[in-house]
Amino acid sequence: MRLLIACVVVLIVAGVLGVALGWPVGWALVGFSAIPAMTIEWARGELDDLKPEDKYDSVDDILSGDILGLLSRSPTPYEVATIVGQVYGGQFFAARFGIGSGFLQEITSKDTADTAALWEEALGVAQLTDDKMITAAVLVVALIKMHPKHEALLAHLQLDIDDVIAGVRWQNHLHNVVMEYKKPRRTGGLARDWSFGWIPTLSEFGQNISTSGRMLSTQLEAHKDALDQLVHILSSNGHQNAVLIGPAGVGKTELVYVLADKLLDGFSDVPSDLKFRQIFLLDAASLISAAPGRGELESLVMQLLNEANSAKNIIICLDNAQLFFEEGLGSVDITNILLPVLENSNQRLILTMDEQRYLQISERNGQLANALNRIAVTPASHDETIVVMQDHLMTIEYMQKVTYMYQALEEAYRLGSRYIHDLAMPGRALKLLESAAGYSEDGLVTAFSVQQAIEKTMDIKITNAHSEDEREKLLHMEDLIHERMINQTHAVSVVSDALRRARAGVRNQNRPIGTFMFLGPTGVGKTELAKALAEVYFGGEDRLVRLDMNEYVSNDDVTRLIADGADEPGSLTAKVMKQPFSVVLLDEIEKAHPNVLTTLLQLLDEGILRDIRGREVSFRDAIIIATSNAGADRIREHIERGIDIEKFESQFVDELIESNLFKPEFLNRFDEIIMFRPLKKDELLQVVDLILKDINKTLELQKVSVTVTSDAKEYLVDAGYDPRLGARPMRRVVQRAVENTVAKQVLSGEVEAGGTVEITLEQVEALLSSKKTADKIISESKAE
Amino acid sequence: MFLVGILTWWYGDGWRERAGMVGGRIARSNDYFSVGLLLSTLFSPFRQISAGSVDGSFATQLRAIGDKLISRMIGAIVRSFMIIFGLVVILLQAIFGGIVLAVWLFVPIFPIMGLLMMVIGWVPSWL
């Protein structure tokens, strides 16, 4: 092209010079300059952007120009793969999907006989994506589809064939946006506003969103009805106001921006009385700060509304309109001013509001609700959210200097749905997508970046176990748990397996990590295992969300269980919303009201519980453990008869169902029902060691350590063990005996810092001299 | 093949595209100078000055009508100037576009004309 331009310039200059010097050959040179000039025009007008033929004889007729210009006469699929990597469509796939030329070359053949099948495949893809031509992006998909095991290949990149087809649509969408942007707009011109009034106050206190230069507002299919309704209301004869109602993040303000764009577009199909009208956004906080005095704000708002009304081309938008109808920090109640305007004036007004707030305001002021035309704005679907993200990426990528991969978009949608509760789609996915920019690797935002973003902001674990430390911890989970609890190996291994499955990424993502019911008498380690798990893997005992179900014994308690966090911070949904990565312990589940148990069914099955506001709270990153003492008498009876209760497990569950304590559908929801057996004497000795370890940890500050002789330990086990309470009284008995002895010795100066106190059988006997003393301690434990 | 391809495009889609570009430029100028809008609001009060209805005595209302009339006259004068200016620009663009479209038709015969001129051997004597 440059050569042709140079030819034109040289011929014209030489020709003119020739004529000027009196050489007639100059005319010929000037005349012949038309040939390269025409070629340039032809190339620009037709060849660079070949239009598809309606009826094509060969694939050349519908192959895009950039590919056609580089292909040989009989190309192989391998050659096509190489060329695709050199042009925009192929490079788009390399950056956005990680499908580069190298990958395509690896999976394609070098046999020209396969090329016909490739064109055939490409035609099919083009039809699927509504492409009139076979572009580089279409060829990428066709090359992948040619491979017999393409699904497996794509799975390595966390993709499937629908994703790469969506990639072609994404590239087409970007192309269309650019073409649309290049098209001249008709916005009314220099004198557009000459027949409308001056608006100095509005210009000072409001934001003109029609002319503020914000670009790329996305009109969603989900919002089409709402937009049509809005246009209809604003151009009708009745109350020309509308309140857009929907959850935060759903795109209410975006919808107003789309309307502003539409109104200022001379080509749009809006009614003529709305064309070139401008939308001014009023912000409650800035108005309050501009007019802080009593009465000042009212007069400012009146002035703004009068100005808008006189100008005749202004639509006022009150974003977060609830702030104009309630008293509080950053809000002001100007219902008295707005109500007459809404009811009688022909000033066009748009309000945006949260559903909940709208209901509250309607309840308080029915007249206000009657004066407003309500339009519901619904959340975006998956495909729409992806399109919104793609549109927003144009700005985000430019601002943050990063490139997002398609996998990051899908991950933002998936994780946004699961973890972000205070926003609706597409807002929740966008929020996550934006924060993922900070976790890019070499400027590339991947699915892993999105996972990291949510891990850091919400303190949960999403990514598969990747650090050596964590892998070691997972592989030796049983040993770590047994450092603080004795035996119950079956229960420990079942719970550890569930965690390993979760962190290896092979578990069902649509359920909690694991749901277990621990059955057994008191003091055998059911709660202790939950605590141990929380400490060993989840990062501390504060990761244990514990609910004593004996506090949920009436039907009304269901409401308390799923209450809004703002009103009831201790509700189950509020706690897990704040801390999704946790161990949820439902202690003494048999005491809960049957309706409470019914409420928990969906939680156990799908890992979802709706709170009182209808928000889905995810339990899919939690381990759910329910403990029960149900049938403790029956278990004790078996123990006394010397029957091994592990063999009695399935019979016991049947008995539990027959007793009507739990419904079968409730018990069936648990991954495993595990029986905890009472500890034997040798195990109780190990429990004493664990308790002593704890006591020594406490005494570390005094620089004193304690040892207990074996016969003293045996005495402590005999004194502290109760078949009905298990090992629970043991801690109290050991603490009482040991701590009292140490206290006496420290006070009498028998032991100094750095010393060791050895507790003998005699000392323990003296302290717990009578069975009465031990029984008293045990009865204290029972009372607890 | 080259010659047939380029000439088919030049006198077909090429000329139509060029005509479309000329039309687009005229439409853009029409929008830029708001000619359509100005014509439809030619006698509207300028910037809505004295546009509202006024309550009061007959004299007050008479004065308001007078004010409105003046506002409308000023509006009409200002708009007329803009319309005339816009129309002149559009006319000039149309003439220039017409010339371009006419010359476009003769470009393919420029080489023949150049050869003819060379054979005739005429060069301007004033150079």
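Thresholds applied
- Residues numbered from 1 in each chain as written.
- Chains lettered and ligands numbered in written order.
- Predicted model: local features only at pLDDT ≥ 70, side-chain atom pairs only at ≥ 80, totals over all residues.
- Heavy atoms only, no water.
- Helix = DSSP H or I, 4+ residues; strand = E, 2+ residues; numbered from the N terminus.
- Rg over C-alpha atoms; globule rule 2.2 N^0.38 Å.
- Buried < 20%, exposed > 50% of the residue type's maximum accessible area, 1.4 Å probe, protein only.
- Contact = heavy atoms within 4.5 Å.
- Areas by Shrake-Rupley, 256 points an atom, 1.4 Å probe, with all protein chains shown as cover.
- Lys, Arg positive; Asp, Glu negative; His and termini not counted.
- Charge placed at Lys NZ, Arg CZ, Asp CG, Glu CD.
- Salt bridge = Lys/Arg side-chain N within 4 Å of Asp/Glu carboxyl O.
- Phe/Tyr/Trp six-rings, centres within 6.5 Å; stacked < 30°, edge-to-face > 60°.
- Lys NZ or Arg CZ within 6 Å of the ring centre and 35° of its normal.
- Buried area = accessible area lost by both parts, 1.4 Å probe.
- Polar contact = N/O pair within 3.5 Å; in protein donor to acceptor, adjacent residues only side chain to side chain.
- Pairing = 2+ DSSP bridges.
- Axes fitted to C-alpha atoms, helices over the stretch in contact; angles between N-to-C directions.
- Parallel < 35°, antiparallel > 145°, perpendicular 65-115°, else oblique.
- Left-handed = near helix turned anticlockwise from the far one by under 90°.
- Nonpolar A, V, L, I, M, F, W, Y, C, P; charged D, E, K, R; others polar.

## Side note on the overall build of chain B
Point 1. The secondary structure content of chain B amounts to 5 helices and 0 strands.
Point 2. The helix and strand sequence of chain B, counted from the amino end, reads α-α-α-α-α.
Point 3. Taken over the C-alpha trace, chain B has a radius of gyration of 27 Å; the compact-globule value for 127 residues is 14 Å, which it surpasses by more than 25%.
Point 4. By principal-axis analysis of the C-alpha atoms, chain B measures approximately 90 × 40 × 10 Å.
Point 5. For chain B, with 127 residues in total, the buried portion stands at 31%.
Point 6. Considering only contacts in chain B between residues 6 or more positions apart, those separated by 24 or more positions represent 81%.
Point 7. Summed over its atoms, the accessible surface of chain B is roughly 8,200 Å², and 76% of this surface lies on carbon and sulfur atoms.
Point 8. Placing the 9 positive and 5 negative side-chain charges of chain B at their respective mean positions leaves the two points 5 Å apart.

## Points about the overall build of chain A
Point 1. On a plain count of helices and strands, chain A comes out with 38 helices and 19 strands.
Point 2. By principal-axis analysis of the C-alpha atoms, chain A measures approximately 135 × 80 × 60 Å.
Point 3. Looking at the 784 residues of chain A, the share that counts as buried comes to 51%.
Point 4. Of the contacts formed within chain A by residues at least 6 apart in sequence, a portion of 73% connects residues at least 24 apart.
Point 5. Accessible surface for chain A amounts to roughly 36,500 Å². Of this, 51% is attributable to carbon and sulfur atoms.
Point 6. A distance of 2 Å separates the average location of the 78 positive side-chain charges in chain A from that of its 114 negative side-chain charges.

## Description of the pattern of salt bridges
All names here are of chain A.
Point 1. Enumeration over the complete set of coordinates arrives at 25 salt bridges over all chains.
Point 2. Where Asp564 meets Arg615, a salt bridge forms, and the shortest distance between an N and an O atom there is 2.9 Å. Here Asp564, found in the loop between α28 (557-561) and α29 (572-578), pairs with Arg615, found in the loop between β14 (608-610) and β15 (616-618); they are 51 residues apart in sequence, far enough to count as distant.
Point 3. Among the charged side chains, a network of salt bridges with common partners joins Asp564, Asp611, Arg613 and Arg615.

## Focus on the packing of aromatic side chains
All names here are of chain A.
Point 1. As enumerated under the stated definition, the model contains 17 aromatic pairs over all chains in all.
Point 2. With a centroid separation of 4.8 Å and 45 degrees between ring planes, the pair formed by Phe518 and Phe676 is classed as tilted. Separated by 158 residues along the polypeptide, Phe518 in strand β11 (residues 514-519) and Phe676 in the loop between β17 (672-675) and α34 (681-699) bring together distant segments of the chain. Residues Phe518 and Phe676 agree in their burial class; the two are buried.
Point 3. Grouped by ring-pair contacts, the aromatic residues Tyr88, Phe92, Phe93, Phe97, Trp170 and Tyr406 constitute a single cluster.
Point 4. Note that Lys110 overlies the ring of Tyr78, its terminal NZ or CZ placed 4.5 Å from the centroid.
Point 5. Sitting above the plane of the Tyr398 ring, Lys401 keeps its charged end 4.9 Å from the centroid.

## Some points on the interface of chain A and chain B
Point 1. If you look at the interface, chain A gives 37 residues, while chain B gives 40 residues.
Point 2. Contact between chain A and chain B buries roughly 3,300 Å² in total, counting both sides, with carbon and sulfur atoms accounting for 72%.
Point 3. Our count for the contact surface shared by chain A and chain B stands at 1 salt bridge.
Point 4. At the boundary of chain A and chain B, one finds 12 residue pairs in polar contact (both at pLDDT 80 or more).
Point 5. Counting only elements with at least two residues in the side of chain A that touches chain B, the list comes to α1 (2-20), α2 (25-32), α3 (34-47) and α16 (296-311) of chain A.
Point 6. Among the elements that line the side of chain A that touches chain B, the one with the most residues is α3(A), at 8 residues.

## Structural notes on the sheet that holds strand β16 (residues 623-628) of chain A
Residue and element names in this part refer to chain A.
Point 1. Strand order in the open sheet made by the 5 strands is β12-β13-β16-β11-β17, with parallel pairing throughout. Looking at strand neighbours, the two that pair on one side only are β12 (544-548) and β17, the edges of this open sheet. Recorded for the sheet is a direction-independent mean angle of 20 degrees between the axes of neighbouring strands.
Point 2. Across 4 bridges, β11 lies against β17 in parallel orientation. What sits directly across from Leu519, in β17, is Met675.
Point 3. Taken strand by strand, helix α27 (residues 526-536) contacts β11, β12, β13 (583-587) and β16, and its axis lies near 165 degrees from that of β13.

## Remarks on the sheet that holds strand β4 (residues 314-318) of chain A
Residue and element names in this part refer to chain A.
Point 1. Taken together, 6 strands build an open sheet; the order of strands is β1-β3-β4-β7-β2-β8 and the sheet is mixed. Each edge of the open sheet is held by one strand with a lone partner, namely β1 (207-208) and β8 (374-376).
Point 2. Strands β1, β2 (241-245), β3 (278-282), β4 and β7 (349-353) of the sheet are contacted by helix α14 (residues 252-263), whose axis makes an angle of about 155 degrees with β7.
Point 3. The sheet contacts of helix α18 (residues 355-364) involve β2, β7 and β8, and relative to β7 the element is tilted by about 110 degrees.

## Side note on the packing of helix α21 (residues 406-419) of chain A against helix α22 (residues 427-436) of chain A
Residues and elements named next belong to chain A.
Point 1. With their axes 8 Å apart at the nearest point, α21 and α22 run at an angle of 120 degrees to one another. Our classification of the angle between α21 and α22 gives oblique. In this structure, the crossing between α21 and α22 has a hand that is right-handed. Every residue of α22 that contacts α21 at Ala408, Leu409, Ala412, Tyr413, Leu415, Gly416 and Ser417 is listed here: Arg428, Ala429, Leu432 and Leu433.
Point 2. For the contact of α21 with α22, a count of residues per class yields 8 nonpolar, 2 polar and 1 charged.

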